Amino acid sequence: MTESITEVTEHGLRTADGREHAADVLIWGTGFDVAGFRLPMRVTGRHGRDLAQVWGGRPRAHLGLTVPGFPGFFLVYGPNTNLGGSSIVTMIEAQCRYVVAAVRHLARTGAPPVEVRPEVAEEFDAEMRARLAGGVWSGCSSWYRADDGSITTNWPGSTREYLRRTGELADGLLEGAR
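*Asks:* Any chance you could break down the overall build of the chain for me, citing the residues and the numbers?
*Replies:* Of the regular secondary structure elements, the chain holds 4 helices and 3 strands. The order of α-helices and β-strands along the chain, N terminus first, is β-β-β-α-α-α-α. Residues counted as buried form 38% of the 178 residues belonging to the chain. Contacts spanning at least 24 positions in sequence make up 56% of the contacts within the chain whose residues lie at least 6 apart. Surface summary for the chain: the accessible area is close to 10200 Å², and the carbon and sulfur share equals 51%.

See the structure below:
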């Protein structure tokens, strides 16, 4: 499709020519701004919450994938998933498998859109901040740092750990998975 998209509808996309194109899944490749994950579009969650305002200069997402208050919204190569010494392809493949597992869960169960529970996301964020506080990226001025100086870009562990942690949807971890 080369026609400009004018609207995301309940069933897909509407293009400038007025036609609606059915879609079950939308993938929007936007590029990235490493330091701030500044979004070139407005992402609105539950109760009209704006993702950029929720982040307030310090992006965070459980496993770099999900944000409380944004049901059915997944990031790929989100906060704390960059690597300093391995292949990012491994991380992105793990993220894609996780998203596919969530979509399959919804299709199989008819559950509401998945959403990470706030307390799970907060615990993960605290873990990331603690693990990265004494690392090499925290001791220098670089594009790895958020507005408050914390490291919001990099993963502090191995790819093997990330693969394990994204290997399956944990029961009760996601709101819609209960």
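The discussion continues.
*Asks:* Before we move on, could you go through the sheet that holds strand E1 (residues 5-8) and cite the residues and values that matter?
*Replies:* The strand order E1-E2-E3 describes an open sheet built from 3 strands, whose pairing is antiparallel. Both edges of this open sheet fall to E1 and strand E3 (20-22), since each of them pairs with a single strand only. Within the sheet, the average angular offset between the axes of one strand and its neighbour, ignoring direction, is 30 degrees. Examined bridge by bridge, E1 and strand E2 (residues 12-15) share 3 bridges and lie antiparallel to one another.

*Asks:* Residues and numbers for the nonpolar core, please.
*Replies:* If you look at the biggest cluster of nonpolar residues, it comprises 15 residues, and the most contacted ones within it are Leu-63, Leu-65, Phe-74, Tyr-98, Trp-155 and Tyr-162. Among the elements of the structure, helix H2 (88-109) and helix H3 (118-133) are those that each provide at least two residues to this core. Residue contributions to this core peak at 5 residues, all from H2. The contact partners of Leu-65, leaving out residues within four places of it in the chain, are Phe-73, Phe-74, Leu-75, Gln-95, Tyr-98, Val-99, Tyr-162 and Thr-166. The next biggest cluster of nonpolar side chains, apart from the first, holds 7 residues, and it includes Trp-55, Ala-61, Val-67 and Phe-70.

What counts, and where the lines are drawn
- Residues numbered from 1 in each chain as written.
- Predicted model: local features only at pLDDT ≥ 70, side-chain atom pairs only at ≥ 80, totals over all residues.
- Heavy atoms only, no water.
- Helix = DSSP H or I, 4+ residues; strand = E, 2+ residues; numbered from the N terminus.
- Buried < 20%, exposed > 50% of the residue type's maximum accessible area, 1.4 Å probe, protein only.
- Contact = heavy atoms within 4.5 Å.
- Areas by Shrake-Rupley, 256 points an atom, 1.4 Å probe, with all protein chains shown as cover.
- Pairing = 2+ DSSP bridges.
- Axes fitted to C-alpha atoms, helices over the stretch in contact; angles between N-to-C directions.
- Core = buried A, V, L, I, M, F, W, Y, C linked by side-chain atoms within 4.5 Å.

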